[in-house]
Amino acid sequence: MAEEKKTRTLEQIQDEIRSYLGEIEYLRSQVGVIDATITDLRTVDATLAYLKEKGKGKEIYIPLGSGVAIRGKIENPDDVIMDVGAGILVGATVDEARENIEKRIKALMDLRLALLRKIEEDTRKVNELLKELQEMQPEKRE
Amino acid sequence: MQNIPPQVQAMLGQLESYQQQLQLVVQQKQKVQLELTEAKKALDEIESLPDDAVVYKTVGTLIVKTTKDKAVAELKEKIETLEVRLNALERQEKKLNEKLKELTAQIQSALRPPTAG
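The rules behind the values
- Residues numbered from 1 in each chain as written.
- Chains lettered and ligands numbered in written order.
- Predicted model: local features only at pLDDT ≥ 70, side-chain atom pairs only at ≥ 80, totals over all residues.
- Heavy atoms only, no water.
- Salt bridge = Lys/Arg side-chain N within 4 Å of Asp/Glu carboxyl O.
- Buried < 20%, exposed > 50% of the residue type's maximum accessible area, 1.4 Å probe, protein only.
- Pairing = 2+ DSSP bridges.
- Helix = DSSP H or I, 4+ residues; strand = E, 2+ residues; numbered from the N terminus.
- Axes fitted to C-alpha atoms, helices over the stretch in contact; angles between N-to-C directions.
- Patch = residues over 30% accessible without salt bridge, like charges linked within 9 Å, V, L, I, M, F, W, Y side chains within 5 Å.
- Areas by Shrake-Rupley, 256 points an atom, 1.4 Å probe, with all protein chains shown as cover.
- Contact = heavy atoms within 4.5 Å.
- Buried area = accessible area lost by both parts, 1.4 Å probe.
- Lys, Arg positive; Asp, Glu negative; His and termini not counted.
- Charge placed at Lys NZ, Arg CZ, Asp CG, Glu CD.
- pLDDT = per-residue confidence, 0-100.

A. Representation of the pattern of salt bridges within the structure. Residue and element names in this part refer to chain A. Per the stated rule, a full pass over the model turns up 18 salt bridges over all chains. For E16, the salt bridge is made with R8, and the minimal N-O distance between the two is 2.5 Å. The class of E16 is partly exposed, set by a relative accessible area of 26%. A relative accessible area of 14% means that R8 is categorised as buried. Linking R98 and D45 is a salt bridge whose minimum nitrogen-to-oxygen distance equals 2.8 Å.

Put into structure tokens, the structure is as follows:
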């Protein structure tokens, strides 16, 4: 490994740094996407909790998308359906749906942690490479 | 580029075309793999439900009621189709990689200076 380090050129180290920085940027964007999804899931969870407690008979506007909503009345707040992927949805109670949301949040939090660890690892590698670069530069000037 | 023989320039053009095709195939493969994973996960989920469970499916922007049996059958068919597509894409990827390897070797050999003697 030490031998390999010696034969690496300045340009190769710079390329490696650029590659790590690109990966760090991509991973940070993924963390952002996960954060947004978690926020969305928490909003749905809060809505479900509210509907279960105070929803029965309530008149509400149900969003249809693109900022359009339709007026409706909640007959049974404990009757919801949830997406299990591939265009399939299953009937569930509010508690089941909230449990599912909790599981999804937990899985996303685990993934977020793994990404943060990878960012930390990449940042450490960038710092090592920068140090290597600094050590090489005086040699180049001689 | 001016000093490169026309024959090699043509090969370089072909190489670029193969690389683009490969990129496209890899992207499609990733998409199919993602859909396949999702379909398998959904199948696991509904197979664990009781037989009389209420199941719905999306039809465009609508959500319609269906039965567990129908949903399972549709998902199995979807998985089968996706697996066939994935295999085809994997074959295409392998072929393109072979072509790229072959062409790269040809280009390297064409650009190698002739040995004296």
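Having seen the structure, we can now continue with the description.
B. How the structure looks around the sheet that holds strand β3 (residues 80-85) of chain A. Sheet architecture is open: four strands sit in the order β3(A)-β4(A)-β1(B)-β2(B), paired in antiparallel fashion. Whereas interior strands pair on both sides, the edge strands pair on one side only; in this sheet they are β3 of chain A together with β2 (62-66) of chain B. The average undirected angle you get between the axes of adjacent strands in this sheet is 35°. In this sheet, β2 of chain B lies alongside strand β1 (residues 55-59) of chain B in antiparallel orientation, the contact comprising five bridges. Paired with K57 of chain B across the strands is V64 of chain B, a residue of β2 of chain B.

C. Spotlight on a nonpolar patch on the surface. Residue and element names in this part refer to chain A. On the surface, a nonpolar cluster with roughly 360 Å² of combined accessible area is contributed by I62, L64, V68 and I70. If you list the elements that add at least two residues to the nonpolar patch, you get β1 (59-65) and β2 (68-73). For I70, the location among the structural elements is in strand β2.

D. Fine view of the interface of chain A and chain B. Taken together, the nine residues of chain A in the interface contact 15 residues of chain B. Of the roughly 1,000 Å² buried where chain A meets chain B, counting both sides, 69% is carbon and sulfur surface. Sorting the residues of chain A by area buried against chain B places A86, I88 and L89 of chain A first, and these three jointly supply 47% of that buried surface. Joining chain A to chain B, the criterion identifies zero salt bridges.

E. Spatial organisation of a negative patch on the surface. Side chains of D78, D79, E96 and E99 of chain A sit close together on the surface and give a patch of like negative charge. Within the secondary structure, E99 of chain A is located in helix α3 (residues 94-141).

F. Spotlight on the confidence of the model for chain A. Confidence in the prediction of chain A, expressed as mean pLDDT, is 90, and 92% of residues score 70 or more. Between the elements of chain A, mean pLDDT differs from a low of 54, seen in helix α1 (residues 2-7) of chain A, to a high of 95, seen in helix α2 (residues 10-54) of chain A.

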